[in-house]
Amino acid sequence: MGNFVKIFDTTLRDGEQAPGCSMNEEEKVKVALQLEKLGVDVIEAGFPIASEGDFNSVKLIAEQIKDCEVAGLSRANIKDIDRAWEAIKNAKNPRIHTFIATSDIHLKYKLKKTKDEVLEIIGQSVRHASKYTSNVEFSCEDATRSDLDFLCSAISVAIQSGATTINIPDTVGYTVPSEFSKIIKYIKNGTEEIDKIILSVHCHNDLGLAVANSLTAIHEGVRQIECTINGLGERAGNASLEEIVMALKVRNDLNPYITGINTKNIYPCSKLVSTVTGVNVQPNKAIVGANAFAHEAGIHQDGVLKQRNTYEIMEASEVGIPSNHIVLGKHSGRHAFKDRLNDFGYKLSEDKFEIAFVKFKELCDKKKYVFDEDIEALINEEFVRSGDFYKLNSLACSSGTDEKPTAKLSLNIDGQIIVVEESGDGPIDSVFQSICKAAGITPKLDSYNVASVTGGMDAQAEVSVIIKEDNHTARGKGSSTDVIVASAKAFINALNNLRWRKLHPKIVSPKGI
Ligand code: KIV
Ligand code: ZN
């Protein structure tokens, strides 16, 4: 067995299942292209039967990605498998990923099926998928709470029916490293032909052990890890790709395994995923959090200055974190700006570059120093976030000790200009009320947060909001040197995402059969 570990990224499928994490087709394609640059081996692009939107985005990704396998998820039934194949068939290297639960609790309460019936379903579905491609992955959902002998039987049937990758999910994040190690040993000893296939794990983080469990599995011979950028995913999320990859790289003395990941692309990928999903990365998140490389304590700063590795086990640049030195200012020209965008890996068309340059100059008028983070925020604002349906034209807001907070705004709604004026409890409330009035909807504001993009009195504000309407949750982000404008942009971004979610409701969710 070699020491290469395949990285299977499921940000666009399991990650997208997290509440409010929906991405539209265009955003998913952007993330997929970034994952390809990152060097993942497999992109799980979605769950094609779940909705028209899922199907279309998986299809688009399958058609554009050349250097990774593209997987489509399907439950273990003919209809799902056919739909998944339809979506991925044009990929250079398509993979059907089919699954069914194997634990007693799922069999009894969810599937209402006997063990023999489940074995029958596994055989039929994997055989059906294998008619389309030899690249078939089978997952035993809730494997870690399954009867181990039955788990081995289920895996045997899947292998005999043509599966080439067998995935052992810790669906509810219940196992611990010592137990997981025994489960994998048991499977390896108790399953015929197990050496013919690649073993994979898919760990959830409910007990905060997803990365530890995944690393344990690698030591037991598992050679595919399913994970997500920023650890996104259902509930507490999935194993974080960046943590696994860097644990293998930084502690290669104890983990002598390699991946195909270009670690310098980790941070740009993390940023992109956070931008398009609207989910902020917690500041103390390992590898990509804002504080991951910050040294606050004087004694640490002193140590790092004398000898970096007194307190740093890896360099920020190794994961692609830009140094936050002043990059550009009022007098910087087109050339310098273009060079900086290239450094970040942004390739803009001439038209888009001109728009970005005008925005950059506007920012220089408002801010003395323009940092890398400001440029990132600007590009995200203009080109990464979806903003097709509702667009902010102009905004004026007044408030004060003796004034009723009032906002006047002009909104472009699908090409039509709507001008409204509304007051509220405070300036932000008046802005949100006027946006709702113009759009004719009244979502509930679930969360509102402001952070500053960089330090300094003239720093840009980055606002994140979560809104809810009916059963739909949507997130939005916006940045500006003016916190009220940033709030308006965030709210409008969330409305655009909400609209996308309403137009593309999930018809089925993967876990419900
Ligand atoms: O957590 C899980 O069991 C899954 C499977 C569909 C692989 O996401
Ligand atoms: Zn999962």
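Residues numbered from 1 in each chain as written. Chains lettered and ligands numbered in written order. Predicted model: local features only at pLDDT ≥ 70, side-chain atom pairs only at ≥ 80, totals over all residues. Heavy atoms only, no water.

**Digging into the environment of Val 483**
Just so we agree on the cut-off: Each helix corresponds to a stretch of at least 4 residues labelled H or I by DSSP, and each strand to a stretch of at least 2 residues labelled E; elements are numbered beginning at the N terminus. The buried label applies to any residue whose accessible area, calculated with a 1.4 Å probe on protein chains only, is under 20% of its type's maximum; exposed applies above 50%, and partly exposed to all values in between. Throughout, a contact is declared for two residues whenever any of their heavy atoms are within 4.5 Å.
Within the secondary structure, Val 483 sits in helix H16 (residues 483-503). The class of Val 483 is partly exposed, set by a relative accessible area of 35%. Considered as a pair, Val 483 and Ala 461 are 22 residues apart in the sequence and their alpha carbons are 5.5 Å apart. Residues in contact with Val 483, not counting those within four places in the same chain, are Ile 428, Tyr 448, Val 450, Ala 461 and Val 463.

**A look at the side chain of Asp 9**
Inclusion rule: Asp and Glu count as negative and Lys and Arg as positive, but His and the ends of the chain are not part of the count. Salt-bridge detection follows one rule: a side-chain nitrogen of Lys or Arg within 4 Å of a carboxyl oxygen of Asp or Glu.
For Asp 9, the position within the fold is in strand E1 (residues 6-9). In this structure Asp 9 is buried but unpaired, with Arg 13 as the nearest side chain of opposite charge at 9.7 Å. Discounting chain neighbours no more than four positions away, the residues touching Asp 9 are Leu 35, Val 40, Val 42, Ile 43, Glu 44, Cys 227, Thr 228, Ile 229 and Leu 241.

**Regarding the site of ligand 1**
For the record, the criterion: One heavy atom within 4 Å of a molecule or strand makes the whole residue count as near it. Polar contacts, as counted here, are pairs of nitrogen or oxygen atoms within 3.5 Å of one another; within protein the pair requires one atom able to donate a hydrogen and one able to accept it, and residues that are adjacent in sequence qualify only if both atoms are side-chain atoms. Here the open area of atoms and residues is found with the Shrake-Rupley method and a 1.4 Å probe, where only the protein chains shown may cover a residue. Following the grouping adopted for this structure description, the nonpolar residues are Ala, Val, Leu, Ile, Met, Phe, Trp, Tyr, Cys and Pro, the charged ones are Asp, Glu, Lys and Arg, and the polar ones are all others, Gly among them.
The immediate surroundings of ligand 1 are formed by 12 residues, with Arg 13, Asp 14, Thr 171, His 202 and His 204 found nearest. Within the side chain of Arg 13, a nitrogen or oxygen atom sits 2.9 Å from an oxygen atom of ligand 1. In the environment of ligand 1, an oxygen atom lies 3.1 Å from a nitrogen or oxygen atom belonging to the side chain of His 202. In isolation ligand 1 offers 260 Å² of accessible surface; the protein chains occlude 100% of this area. Contributing elements (two or more residues each) for the shell around ligand 1: strand E4 (94-101), strand E5 (136-141) and strand E6 (165-170). Considered class by class, the residues forming the shell around ligand 1 number 2 nonpolar, 6 polar and 4 charged.

**Structural notes on the coordination of the zinc ion (ligand 2)**
The textbook angles at a metal center are 109.5 degrees for a tetrahedron of four donors and 90 or 180 degrees for an octahedron of six. Selection rule: A donor here means any N, O or S atom no more than 2.8 Å from the metal (3.2 Å for Na, K and Ca); water is not included, so a site may seem to lack partners.
The coordination sphere of the zinc ion (ligand 2), as far as protein atoms go, consists of Asp 14 (OD), His 202 (NE2) and His 204 (NE2), spread over 2.0 to 2.1 Å. The sequence pattern formed by the donor residues of the zinc ion (ligand 2) is D-x187-H-x1-H. On the criterion of sequence distance, the pair formed by Asp 14 in the loop between E1 and helix H1 (25-38) and His 202 in strand E7 (residues 198-203) is long-range, its members being 188 residues apart.

**A look at helix H5 (residues 115-132)**
The cut-off we apply is this: Under the convention used throughout, the expected extent of a helix is 1.5 Å for every residue step, that is, one less than its residue count.
Taking 1.5 Å of rise per residue, the 18 residues of H5 would be expected to cover 26 Å, and the 27 Å separating its terminal C-alpha atoms lies within 8% of that figure. Turning to H5, its buried residues are Val 118, Leu 119, Ile 121, Ile 122, Gly 123, Ser 125, Val 126, His 128 and Ala 129.

**Brief notes about the sheet that holds strand E15 (residues 461-469)**
Inclusion rule: For two strands to pair, DSSP has to find at least two bridges joining them. Every angle, taken between N-to-C directions, lies between 0 and 180 degrees, and every axis is a line fitted to C-alpha atoms, over only the stretch in contact when it is a helix.
Strand order across the open sheet formed by 3 strands is E14-E15-E16, with antiparallel pairing between neighbours. The sheet terminates laterally at strand E14 (444-452) and strand E16 (472-480), the two strands that pair on one side only. Here the strands of the sheet are splayed against their neighbours by 15 degrees on average, with no regard to which way each runs. As paired elements, E14 and E15 share 8 bridges and run antiparallel to each other. Looking across to E15, one finds that Ala 451 is bridged to Glu 462. Strands E14, E15 and E16 of the sheet are contacted by H16, whose axis makes an angle of about 150 degrees with E16.

**Here's the deal with the layout of surface pockets**
The test is simple: A cavity, in this analysis, means grid points on a 1 Å lattice covering only the protein atoms where a 1.4 Å probe fits yet has no way out; a pocket is instead an open set bounded by protein on both sides within 12 Å along at least five of seven lines, and a residue lines either one if it has an atom within 4 Å of a point. Grid points are joined across faces, edges and corners, and a volume is the space filled by probe spheres set on the points.
Estimated volume of the second largest pocket: approximately 1000 Å³. If you trace the second largest pocket, you find 36 residues lining it, with Tyr 267, Lys 271, Ala 290, Glu 373 and Val 453 closest to the centre. Tallying contributions element by element places helix H10 (residues 266-277) first for the lining of the second largest pocket, with 5 residues. Its residues assigned to classes, the lining of the second largest pocket shows 15 nonpolar, 15 polar and 6 charged.

**A short note on the environment of Ala 101**
One can find Ala 101 in strand E4. Here Ala 101 falls in the buried class, since its relative accessible area comes to 1%. Between the C-alpha atom of Ala 101 and that of Val 431, which follows or precedes it by 330 residues, the distance is 48 Å.

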